[in-house]
Amino acid sequence: MTSMSRARVARRIAAGAAYGGGGIGLAGAAAVGLLLAEVQLARRHVGNGSLNHVPSAEGRYGHGYDVPGEPPLRLTMLGDSTAAGQGVHRAGQTPGALLASGLSAVAERPVVLRNVALPGAQSDDLDRQVALTLADPAQVPDVCVIMIGANDVTHRMPPTRSVRHLSSAVRRLRTAGAEVVVATCPDLGTIEPVQQPLRWLARRASRQLAAAQTIGAVEQGGRTVSLGDLLGPEFAANPRELFGPDHYHPSAEGYATAAMAILPTVCATLGLWPAEEERPDASRREGFLPVARAAAEAASEAGTEVTAAMPTGPRGPWALLKRRRRRRVPETSPTPIHTPG
């Protein structure tokens with residue numbers, strides 16, 4: 001599917017989400033039904049073993065940056081098993097811990113990490129997760145990272161419904177004062193036991209949803225980072241290294257790769273990224289595009305960020321598309337205390 005075709009589909013899905021429609025399909029209901037069956041078989045084939053336990057990474061990071069009277073930054077993770085960090089053994093290997101450590105190092109401030117993500121969650125669970133996140137008005141996060149979408153595809157949630165739930169979550173968090181970064185639907189075509197032609201169908205469905213998620217999130221004031229191709233060529237080329245022992249959830253190396261793609265955008269939302277990197281760089285094919293086209297291009301390229309720009313243009317709202325350079329998450333991260341604070 002071309003970028004322009006994906007943009008049209010994404011616009012239709014996002015419009016359906018906004019106006020209550022529900023008839024847009026992802027790659028066809030029959031195809032997704034086959035995909036679901038294949039993925040469920042793959043899950044049974046590889047199993048999760050002892051990795052159903054998700055290590056808790058909640059706590060305070062960056063104790064060396066404590067300054068009396070200066071509050072820590074607050075980071076909250078929402079979403080599914082990838083946001084929770086399922087598939088690794090140690091708390092420090094989860095994406096939340098990696099992002100908290102990286103954010104603390106860039107900001108030179110402590111970061112308090114909270115994780116309300118639920119393994120197996122679909123986008124309709126975001127309502128519950130947002131309620132937990134905003135339960136204490138005195139503890140509203142500075143920034144929230146949402147990683148969601150894979151289970152929506154495999155469980156055949158209508159994409160308009162999926163995007164509607166995500167858009168609502170972003171709107172509620174932004175209204176409360178939190179910045180929001182959405183890591184869009186990963187590429188399910190990289191799951192190792194899934195065979196062709198279902199790999200192609202999975203990739204198509206994943207990218208369509210990712211593009212529609214981008215439109216919905218950006219229109220509510222969030223930023224998005226594409227994980228689709230990040231978990232595409234790299235995971236496909238190194239499935240043994242970048243997927244965990246269950247071959248379904250990322251390994252520690254896979255989560256680190258994803259965290260490196262997300263961290264620059266998390267920092268940018270808080271004004272912590274170098275000012276010269278905030279300007280679009282034509283040499284990296286960055287610039288202002290209609291939001292649907294930016295969403296479609298982002299769905300096809302790993303680590304691509306989309307954020308709202310001009311509210312109106314010749315073809316509707318416009319967005320800034322950026323291809324941020326990845327920077328390594330600091331290898332020597334402060335040890336967290338696993339109590340919220």
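Above this note sits the structure.
Conventions we followed
Residues numbered from 1 in each chain as written. Predicted model: local features only at pLDDT ≥ 70, side-chain atom pairs only at ≥ 80, totals over all residues. Heavy atoms only, no water. Core = buried A, V, L, I, M, F, W, Y, C linked by side-chain atoms within 4.5 Å. Buried < 20%, exposed > 50% of the residue type's maximum accessible area, 1.4 Å probe, protein only. Helix = DSSP H or I, 4+ residues; strand = E, 2+ residues; numbered from the N terminus. Contact = heavy atoms within 4.5 Å. Salt bridge = Lys/Arg side-chain N within 4 Å of Asp/Glu carboxyl O. Expected span 1.5 Å × (residues − 1). Axes fitted to C-alpha atoms, helices over the stretch in contact; angles between N-to-C directions. Parallel < 35°, antiparallel > 145°, perpendicular 65-115°, else oblique. Left-handed = near helix turned anticlockwise from the far one by under 90°. Nonpolar A, V, L, I, M, F, W, Y, C, P; charged D, E, K, R; others polar. Pairing = 2+ DSSP bridges.

Caption draft 1: The nonpolar core, seen in detail. Counting 35 residues, the largest nonpolar core has Leu 75, Leu 99, Leu 103, Val 145, Met 147 and Ile 262 as the members making the most contacts within it. When residues of this core are traced back to their parent elements, those giving at least two are β2 (73-79), α3 (81-84), α4 (95-107), β3 (111-115), β4 (143-147), β5 (179-183) and α11 (252-269). Not counting the four nearest positions on each side in its chain, Leu 75 is found in contact with Gly 96, Leu 99, Ala 100, Val 111, Val 112, Leu 113, Arg 114, Val 143 and Val 145. Leu 289, Ala 294, Val 306 and Leu 321 belong to the second largest nonpolar core, which has 23 residues in total.

Caption draft 2: How the structure looks around the environment of Ala 212. One can find Ala 212 in helix α8 (residues 198-219). Counting along the chain gives 50 residues from Ala 212 to Ser 162, while the straight-line C-alpha distance between them is 9.3 Å.

Caption draft 3: Representation of the pattern of salt bridges within the structure. Taken as a whole and judged by the stated rule, the model has 9 salt bridges. In this structure, Arg 172 and Asp 127 form a salt bridge, with 2.6 Å as the shortest nitrogen-oxygen distance. One end of the pair, Arg 172, is in helix α7 (residues 159-176); the other, Asp 127, is in helix α5 (residues 126-133), and 45 residues separate them in sequence. Judged by its relative accessible area of 48%, Asp 127 falls in the partly exposed class.

Caption draft 4: How the structure looks around α7. Its 18 residues place the ends of α7 26 Å apart at the C-alpha level, agreeing with the 26 Å of an ideal helix rising 1.5 Å per residue. Three or more residues of α7 are buried, namely Pro 159, Thr 160, Ser 162, Val 163, Leu 166, Ser 167, Ala 169, Val 170 and Leu 173. Directly beyond the C-terminal end of α7, a positive phi value near 110 degrees is found at Gly 177.

Caption draft 5: Expanded view of the packing of α4 against α11. Packing of α4 against α11 leaves a shortest axis separation of 9 Å and a crossing angle of 40 degrees. Judged by the angle between their axes, α4 and α11 are oblique. Classified by chirality, the crossing of α11 by α4 is right-handed. Where α4 abuts α11, its residues Pro 95, Leu 98, Leu 99, Gly 102, Leu 103 and Val 106 lie against Tyr 255, Ala 256, Ala 259, Ile 262, Leu 263, Val 266 and Cys 267. Its residues placed into classes, the contact of α4 with α11 shows 12 nonpolar, 1 polar and no charged.

Caption draft 6: Spotlight on the sheet that holds β2. The strand order across the open sheet formed by 9 strands is β1-β3-β2-β4-β5-β6-β8-β9-β7, and the pairing between neighbours is mixed. Each edge of the open sheet carries a strand with a single partner, namely β1 (59-61) and β7 (287-290). Within this sheet the neighbouring strands show an average axis-to-axis angle of 25 degrees, counted without direction. Pairing analysis gives 3 bridges linking strand β6 (residues 223-225) to strand β8 (residues 304-308), with the strands arranged antiparallel. Along β8, the bridge assignment pairs Thr 224 with Val 306.

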